[in-house]
Amino acid sequence: MKKSGLIIGGIGFVFSLAVTLLSPILLPCITPILGIAAGYMADIFDLPLLKSDAIKKAAKAGALGGVGMLVGQVIGAIINGVAVGPEGVGMVLSSFGIPAGSPAALAKYYWTMMFVGTACISLFNIALMAGLGALGGLIWWEANGKEKAAKAQITESEEV
């Protein structure tokens, strides 16, 4: 579980850092692939013998991968925030004919919304990755786990 969570967390870190520099709204687009992959890989590495264990371990691996995405997103948001800044947002608003207001007020709202937006999207991604990790674990169980559990029970009954 930890191994796959760390692998997917590292991949998620790189992707979320890069995607956040473009637009953090796009992050939930890569989350399903990474979440399912984390769950599936967790069960490949751990080989659980019970369906409930397969799903629990996979969900934990997905959540751990989501934490890696969170770190990448926070770093990307800081870089993006410093690069664009409230002045850049003021220029964009002015180009659309929207009054930007005072620079001090704009800066306050800019950083507040940057923090709140990053936090909301990050928490959503962690929850989504945990759920999709569980789905990945269920997919693994349906494809491979039943057979492995049956073989383990047969081997166990032969030993007795």
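Look up: the structure comes first, before these words.
Reading the values: rules and limits
- In this numbering scheme, every chain counts its residues from 1 along its sequence in written order.
- Under the rules for a predicted model, residues below a pLDDT of 70 receive no local features and side-chain atom pairs below 80 are neither given nor counted, while totals for whole chains, interfaces and linings still include all residues.
- Note that the side-chain values use all heavy atoms of the structure and ignore hydrogens as well as water.
- To get an axis, fit a line to the C-alpha atoms, keeping to the stretch in contact for a helix; angles then go from 0 to 180 degrees between the N-to-C directions.
- Think of it this way: any DSSP run of H or I at least four residues long counts as a helix, any run of E at least two long counts as a strand, and we number them from the N terminus.
- By definition in this entry, angles of less than 35 degrees are roughly parallel, angles greater than 145 are roughly antiparallel, angles of 65 to 115 are roughly perpendicular, and the rest are oblique.
- Left-handed describes a crossing whose near helix is turned anticlockwise from the far helix by less than a right angle; the clockwise case is right-handed.
- Residues are treated as being in contact if the distance between any of their heavy atoms lies within 4.5 Å.
- Under the scheme applied, nonpolar residues are Ala, Val, Leu, Ile, Met, Phe, Trp, Tyr, Cys and Pro; charged residues are Asp, Glu, Lys and Arg; polar residues are all the others, including Gly.
- Stacked, edge-to-face and tilted are the three classes for Phe, Tyr and Trp ring pairs, Trp counted by its six-membered ring, which pair at centre distances within 6.5 Å; planes under 30 degrees apart are stacked, over 60 edge-to-face, the rest tilted.
- When a residue's accessible area, from a 1.4 Å probe over protein chains only, is under 20% of the maximum for its type it is buried; when over 50% it is exposed; and in between it is partly exposed.
- When the NZ atom of lysine or the CZ atom of arginine is within 6 Å of a ring's centre and also within 35 degrees of its normal, the charge is said to sit over that ring.

Novice: Could you clarify how one ought to interpret the packing of helix α2 (residues 27–46) against helix α3 (residues 51–95) in this entry?
Specialist: In helix packing, the relevant descriptors are the interaxial angle and the interaxial distance, both defined with respect to the helix axes. Where α2 contacts α3, the two axes come as close as 8 Å, and the packing angle between them is 135°. Judged by the angle between their axes, α2 and α3 are oblique. Helix-helix and strand crossings are classified by hand; for α2 and α3 the assignment is right-handed. Every residue of α3 that contacts α2 at L27, I30, T31, L34, A38, G39, A42, D43 and D46 is listed here: A54, K57, A58, A61, G62, M69 and Q73. Its residues placed into classes, the contact of α2 with α3 shows 9 nonpolar, 4 polar and 3 charged.

Novice: Teacher, can you tell me more about the packing of helix α1 (residues 2–22) against α3 here?
Specialist: Contact pair α1 / α3: the axes reach a minimum separation of 7 Å and the direction vectors enclose 25°. As the angle between them shows, α1 and α3 are arranged roughly parallel. Read as a crossing pair, α1 and α3 show a hand that is right-handed. Classifying every residue of the contact of α1 with α3 gives 12 nonpolar, 12 polar and 1 charged.

Novice: What am I meant to see in the side chain of Q73 here?
Specialist: Positionally, Q73 belongs in helix α3. Beyond its immediate stretch of four places on either side in the chain, Q73 contacts S16, T20, P24, L27, T118, I121, S122 and N125.

Novice: I keep staring at the packing of aromatic side chains and nothing clicks. Help me out?
Specialist: By convention here, two paired aromatic rings are described through the distance between centres and the angle between planes. The full count for this structure, using the stated rule, is 2 aromatic pairs. Look at W140 and W141: their rings are 6.5 Å apart centre to centre, the planes differ by 55°, and that puts the pair in the tilted class. The same class applies to W140 as to W141, namely buried. A cation over an aromatic ring shows up here: K3 above the ring of F45, its NZ or CZ 4.7 Å from the ring centre.

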